[in-house]
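Reading the structure
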Amino acid sequence: MELFESLKQKISGQNKTIVFPEGEDVRIIGAASRLAADGLVKPILLGDQDKIKQVAAEHQIDISTLSISNPLTVPEDEKQKLLDALVARRKGKNTPEQAAEMLKDPNYWGTMLVFLDEADGMVSGAIHPTGDTVRPALQIIKTKPGVKRISGAFIMQKGDQRYVFADCAINIELDAEGMAEVAVESAHTAKVFDIDPKVALLSFSTKGSAKGEMVTKVADATKLAQEAAPDLPIDGELQFDAAFVSEVGELKAPGSKVAGHANVFVFPELQSGNIGYKIAQRFGGFEAIGPILQGLNKPVSDLSRGANEEDVYKVAIITAAQALGID
Ligand SMILES: CC(C)(COP(=O)(O)OP(=O)(O)OC[C@H]1O[C@@H](n2cnc3c(N)ncnc32)[C@H](O)[C@@H]1OP(=O)(O)O)[C@@H](O)C(=O)NCCC(=O)NCCS
Ligand SMILES: CC(=O)OP(=O)(O)O
């Protein structure tokens, strides 16, 4: 079954509540309206009710079934509840005055709704850059037990081709341990999306064809990932052609179980990861679904600011599915 059809079946009628902090944006309003009409999600739009109504009217979007909440005008006791919970969660890292400032940002407000179980998940980032979207989740929701760092994966899809690219969104520079953790987490993400993972840790070198600190890091990360997940096919360091093209894999990395057949690609740092997924998307014609945040304790999803309504719709479906515990 097509990926989204199966996810839709899983979340249909489950009434997972997803909060959208950028509730005044037309892409968000359009996607939320469709999600509600399709019975997939109960959306909460944050923002000014009149502005949302105006945008919806201009674009003939039905918002009659959507919840709208304006953090700036909610009753004082509701504000105080979120403020007290945020101060307690930050355990002295932020003063009450700082926490009050933070809550003026809809991403902090939305994240607190998820933290307090008033929403099952959050989707944001159509307007805000990734850092501003995910920082509240890093600080408040934090990582799942056993995971040290959150990372961002994309499902890259074209026809029946489906791959995972990571980290394309979060960690600017990973050490070997970090890259190894991303490799193992990305294999779990692959399984959620019906991909049988074969994980390549990417470099500009294949099996020692070049030397240097950057290459050593990827080779060390490969060993750590293999030790952490001995049952998974994981290999590195591999150049992209060696990882992906079977003849090149046989030539450059003979005997590798992954070379030439990789479907999970782990990038050595964020420049290559973010550039790499956008090249596959814009030159290669792949649909880029994500970034899907790996390792968070509750689902919060970032969007690319280049996202369209359909991207928002799909990311919300994934977020609701994560809330149901598919990963
Ligand atoms: C994600 C990012 C915003 C974090 O940066 P930052 O806020 O300066 O990070 P800090 O080191 O100050 O950490 C802030 C908090 O997040 C936590 N954190 C940071 N990175 C984390 C990670 N990968 N996993 C888990 N927690 C993390 C820190 O522990 C800290 O928590 P604390 O406040 O409770 O102590 C930053 O790494 C970034 O900008 N990444 C690139 C995002 C981007 O532009 N991507 C390209 C487009 S998708
Ligand atoms: C994921 C990503 O690159 O996001 P943006 O395009 O918003 O920077």
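- Naming follows an unreviewed UniProt entry, where the protein appears as Phosphate acetyltransferase of Secundilactobacillus kimchicus JCM 15530.
- UniProt, in its Pathway (unreviewed entry) section for the protein, records the words "Metabolic intermediate biosynthesis; acetyl-CoA biosynthesis; acetyl-CoA from acetate: step 2/2."

**Looking at the UniProt feature "domain: Phosphate acetyl/butaryl transferase" (unreviewed entry) in the protein**
- On the UniProt side, "domain: Phosphate acetyl/butaryl transferase" (unreviewed entry) is annotated at positions that read residues 4–320 here.
- As annotated, residues 4–320 comprises 45% helix and 17% strand, and the C-alpha atoms at either end are separated by 12 Å.

**A word on unusual backbone geometry**
- The step from A166 to D167 runs through a cis peptide bond, and the omega angle for that step is -20 degrees.
- Mapped onto the elements, D167 comes out in the loop between strand 6 (161–166) and helix 8 (176–192).
- P291 follows G290 through a cis peptide bond whose omega is 0 degrees.
- Position of P291 relative to the elements: it lies in strand 10 (residues 287–294).
- For N15, which is not glycine, the phi dihedral falls at a positive 55 degrees.
- Of note, N15 is situated in the loop between helix 1 (3–11) and strand 1 (17–20).

**A few points about the site of ligand 1**
- In the vicinity of ligand 1, 17 residues are found, and the nearest of them are K93, R135, I150, A169 and N171.
- Within the backbone of A169, a nitrogen or oxygen atom sits 2.8 Å from a nitrogen atom of ligand 1.
- Burial of ligand 1 by the surrounding chains reaches 62%, relative to a free accessible area of 950 Å².
- Only helix 7 (130–141) and helix 12 (270–282) provide two or more residues apiece to the shell around ligand 1.
- The biggest single contributor to the shell around ligand 1 is helix 7, with 5 residues.
- Broken down by class, the residue content of the shell around ligand 1 amounts to 6 nonpolar, 6 polar and 5 charged.

**Observations concerning helix 12**
- With 13 residues, helix 12 ought to run about 18 Å at 1.5 Å a step, and its terminal C-alpha atoms sit 18 Å apart, in line with that.
- Buried within helix 12 we find L270, G273, G276, Y277 and A280. Buried residues of helix 12, viewed axially, fall in a sector of 140 degrees; they line one side. Seen from the open side of helix 12, the exposed residues pointing more than 90 degrees away from its buried face are Q271 and R282.
- Lining the buried residues of helix 12 we find strand 5 (151–158), strand 6 and strand 10.
- Measuring from the side-chain oxygen of the N-cap residue of helix 12 to the backbone nitrogen of Q271 gives 2.8 Å; that N-cap residue is E269.

**Focus on the site of ligand 2**
- By nearness alone, every residue bordering ligand 2 is listed as T130, F154, N274, Y277, K278, P291, S304 and R305.
- Within the side chain of R305, a nitrogen or oxygen atom sits 2.8 Å from an oxygen atom of ligand 2.
- About the coverage of ligand 2: the protein hides 87% of its 260 Å² of free accessible area.
- Of the residues forming the shell around ligand 2, the biggest block, 3 residues, is contributed by helix 12.
- Of the residues contributing to the shell around ligand 2, the split by class is 3 nonpolar, 3 polar and 2 charged.

**Details of the environment of A259**
- By the element assignment, A259 lies in the loop between helix 11 (246–252) and strand 9 (264–266).
- Taking the relative accessible area as the measure of exposure, A259 reaches 6% and is therefore buried.
- C-alpha of A259 to C-alpha of G273: the two residues are 14 residues apart in sequence and 19 Å apart in space.
- Each residue touching A259, except ones within four places of it in the same chain, is listed here: L238, A242, A243, G249 and A253.

**A closer look at helix 1**
- Along helix 1, the residues classified as buried are L3, F4, S6, L7 and I11. An end-on view of helix 1 places all buried positions within 160 degrees of arc, on one side of the element.
- The inward-facing, buried residues of helix 1 contact strand 5, strand 6, strand 10 and helix 13 (309–323).
- Once helix 1 finishes, G13 follows within two positions and takes phi at roughly 75 degrees, a positive value.

**A few points about the pattern of salt bridges**
- Within the structure shown, the criterion is met by 18 salt bridges.
- A salt bridge links R27 to D25; its shortest N-O distance comes to 3.0 Å.
- It is possible to trace a salt-bridge network through shared partners that takes in R34, E287, E309, E310 and K314.

**So, the nonpolar core**
- Residues F20, F193 and L201 are the most contacted members of the largest nonpolar core, which totals 61 residues.
- Here this core takes 9 residues from helix 8, the largest share from any one element.
- Core analysis: the second largest hydrophobic core is formed by 28 residues, M112, L113, A119 and V134 among them.

**Observations concerning the side chain of S203**
- Mapped onto the fold, S203 is located in the loop between strand 7 (199–202) and helix 9 (213–228).
- Within the structure, the side chain of S203 is placed 3.0 Å from the backbone nitrogen of S205, a separation counted as a polar contact.
- Among residues more than four places away in sequence, those in contact with S203 are V215, V218, E237, L238, Q239 and F240.

How each quantity is defined
- Residues numbered from 1 in each chain as written.
- Chains lettered and ligands numbered in written order.
- Predicted model: local features only at pLDDT ≥ 70, side-chain atom pairs only at ≥ 80, totals over all residues.
- Heavy atoms only, no water.
- UniProt positions renumbered as here; feature names shortened; annotations may be inferred.
- Helix = DSSP H or I, 4+ residues; strand = E, 2+ residues; numbered from the N terminus.
- Near = heavy atom within 4 Å.
- Polar contact = N/O pair within 3.5 Å; in protein donor to acceptor, adjacent residues only side chain to side chain.
- Areas by Shrake-Rupley, 256 points an atom, 1.4 Å probe, with all protein chains shown as cover.
- Nonpolar A, V, L, I, M, F, W, Y, C, P; charged D, E, K, R; others polar.
- Expected span 1.5 Å × (residues − 1).
- Buried < 20%, exposed > 50% of the residue type's maximum accessible area, 1.4 Å probe, protein only.
- Arc of directions from axis to C-beta.
- Contact = heavy atoms within 4.5 Å.
- Salt bridge = Lys/Arg side-chain N within 4 Å of Asp/Glu carboxyl O.
- Core = buried A, V, L, I, M, F, W, Y, C linked by side-chain atoms within 4.5 Å.

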